[in-house]
Amino acid sequence: MKHSTPSGLLALLVLSAATAELRAQTGAPDLSDPEVAHVAVTANSIDIELARFAGPKIAKAEVRAFANTMITDHSAVNAQAGALAARLGVTPRDNPVSQSLLAGAAAARASLEKLHGAAFDRAYIDREVGYHQAVLDALDGLLIPTTENAELKKLLAEVRPAIAAHLAHAKGLQGALAAKP
Amino acid sequence: MIRRVAAITLLGAGALAAGKPAVPRRHVVEIRGMAFVPAVLQVARGDTVIWVNRDIVPHTATAGKAWDTGTLAREERGVIVSRRPGRLEYGCTLHPTMRATLITR
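Residues numbered from 1 in each chain as written. Chains lettered and ligands numbered in written order. Predicted model: local features only at pLDDT ≥ 70, side-chain atom pairs only at ≥ 80, totals over all residues. Heavy atoms only, no water.

This part takes up the overall build of chain B. A count of helices and strands for chain B gives zero helices and 10 strands. Each helix and strand of chain B, placed in order from N terminus to C terminus, yields the pattern β-β-β-β-β-β-β-β-β-β. Residue pairs in contact within chain B that sit at least 24 positions apart in sequence constitute 56% of those at least 6 positions apart. (Helix = DSSP H or I, 4+ residues; strand = E, 2+ residues; numbered from the N terminus. Contact = heavy atoms within 4.5 Å.)

Below is the structure:
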């Protein structure tokens, strides 16, 4: 149940005011397994929805391919998470961390809505780099250590390499877009 | 558990090695943790290579226009028979960071 202190972008995205309040009360955001499940499903859904929103606005084929992969991969993870939750009889429970993620997603989408063309591509990929780094940090510093159920913990551990690969993919695109805007 | 042969691609004409023909072998490459395992596989001409996706997310094993397993969901498998000697770099079209090598003797 113990976990290290999340830092950097995780602090920005996950440890919102609400979570910080919880942390102040308890010493650390100590999520129950239904809450961890909710955070996981929410994190996947946010990236699916952003990719769907971005699709028609994306200028470069490589960036569109990335967005399509985000839809495919995060949908696959959510399908597995849903199946596991159903099998375990766990109902995902809303919590301050999920709410913080949703608030961050709304803000990101609002800023992206104003952009077009190459500027949109760069901003979308910048967001994806930051988001996947934050999710990776959350998995390592909060979600995996907090989870008690062995199967849910295993699922989160299996998801981790995919998030790391998405981050590397996004960073590669970020570099390419900077070199050839 | 789903077991599906996603694609069978025969490369080149059926060229038997000179002399005593070797018995073709089967090799398995697991896709797990966003990597091909083993990352380098050496086979003989006529051998069968099977890719099995153990990851939650879908993958492909694709060597440009030479062969492509198509998209493999979790526990699905793709099969090729390698008939062209040489070294082929291949990867997953969905995840560009995933690369591996197939060497056919």
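Attention shifts here to the confidence of the model for chain A. On average, residues of chain A carry a pLDDT of 86, and 83% of them reach 70 or more. For the stretch residues 1-27 of chain A, pLDDT sits under 50, and the model shows 52 contacts to residues farther than four places along the chain or on other chains. (pLDDT = per-residue confidence, 0-100.)

One pass over the full model with this rule turns up seven aromatic pairs over all chains. Ring centres of Phe66(A) and Tyr124(A) lie 6.3 Å apart, and the angle between their planes is 70°; this geometry places the pair in the edge-to-face category. Here Phe66(A), found in helix α4 (residues 61-88), pairs with Tyr124(A), found in helix α6 (residues 117-146); they are 58 residues apart in sequence, far enough to count as distant. For Phe66(A), a relative accessible area of 0% translates into the label buried. With relative accessibility at 0%, the residue Tyr124(A) sits in the buried group. Judged by centre distance (4.8 Å) and plane angle (70°), the rings of Phe36(B) and Tyr90(B) are edge-to-face. One end of the pair, Phe36(B), is in strand β3 (residues 36-37); the other, Tyr90(B), is in strand β9 (residues 86-91), and 54 residues separate them in sequence. As far as burial versus exposure is concerned, Phe36(B) and Tyr90(B) are alike and both buried. The structure contains a cluster of three or more aromatic residues connected by ring pairs, namely Phe53(A), Phe66(A), Phe120(A) and Tyr124(A). (Phe/Tyr/Trp six-rings, centres within 6.5 Å; stacked < 30°, edge-to-face > 60°. Buried < 20%, exposed > 50% of the residue type's maximum accessible area, 1.4 Å probe, protein only.)

Next up on the list: helix α7 (residues 150-179) of chain A. Counting along an α-helix, one turn takes 3.6 residues, and residues three or four places apart therefore face a common direction. The terminal C-alpha atoms of α7(A) lie 44 Å apart, and with 30 residues this matches the ideal 44 Å at 1.5 Å per residue to within 8%. At the N-terminal end of α7(A), a side-chain oxygen is found 2.9 Å from the backbone nitrogen of Glu151(A), two or three residues along, and the residue is Asn149(A). (Expected span 1.5 Å × (residues − 1). Polar contact = N/O pair within 3.5 Å; in protein donor to acceptor, adjacent residues only side chain to side chain.)

Here we come to the interface of chain B and chain A. Taken together, the contact between chain B and chain A spans 10 residues of the former and 15 residues of the latter. Of the roughly 1,000 Å² buried between chain B and chain A, counting both surfaces, carbon and sulfur atoms make up 71%. In this structure, the salt-bridge partner of Glu158(A) is Arg74(B), at a minimum N-O distance of 3.0 Å. Counting every contact that joins chain B to chain A gives four residue pairs in polar contact (both at pLDDT 80 or more). Its residues assigned to classes, the side of chain B that touches chain A shows six nonpolar, three polar and one charged. (Buried area = accessible area lost by both parts, 1.4 Å probe. Salt bridge = Lys/Arg side-chain N within 4 Å of Asp/Glu carboxyl O. Nonpolar A, V, L, I, M, F, W, Y, C, P; charged D, E, K, R; others polar.)

Taking 1.5 Å per residue as the helical rise, helix α3 (residues 33-54) of chain A with its 22 residues ought to reach 32 Å, and the 32 Å between its terminal C-alpha atoms agrees with that figure. With respect to burial, α3(A) is a largely interior element, 18 of its 22 residues being buried.

Let us now look at the pattern of salt bridges. Residue and element names in this part refer to chain B. Counted according to the given criterion, the structure contains nine salt bridges over all chains. Between Glu-75 and Arg-54 there is a salt bridge; the shortest N-O distance is 2.5 Å. On the criterion of sequence distance, the pair formed by Glu-75 in the loop between β7 (67-68) and β8 (77-82) and Arg-54 in the loop between β5 (47-53) and β6 (62-63) is long-range, its members being 21 residues apart. The residue Glu-89 makes a salt bridge to Arg-87 at a minimum N-O spacing of 3.3 Å. Residue classification places Arg-87 among the exposed residues on the basis of a relative accessible area of 57%. Salt bridges linked by common partners bring Glu-30, Arg-32, Arg-54 and Glu-75 together as one network.

Below, the discussion takes up the pairing of strand β4 (residues 40-43) of chain B. All names here are of chain B. Only one face of β4 is buried, namely the one carrying Leu-41 and Val-43, since none of Val-40 and Gln-42 on the opposite face is buried. The sheet contact formed by β4 and strand β10 (residues 99-104) spans four bridges and is parallel. Bridge pairing links Leu-41 to Leu-102 in β10. (Pairing = 2+ DSSP bridges.)

Moving on to unusual backbone geometry. Among all residues save glycine, negative phi is the norm, and among peptide bonds the norm is trans. All names here are of chain B. Geometrically, the link from Val-37 to Pro-38 is a cis peptide bond, its omega value of 5° lying close to zero. A positive phi angle, near 60°, is found at Met-34, a position not held by glycine. Structurally, Met-34 is set in the loop between β2 (26-31) and β3.

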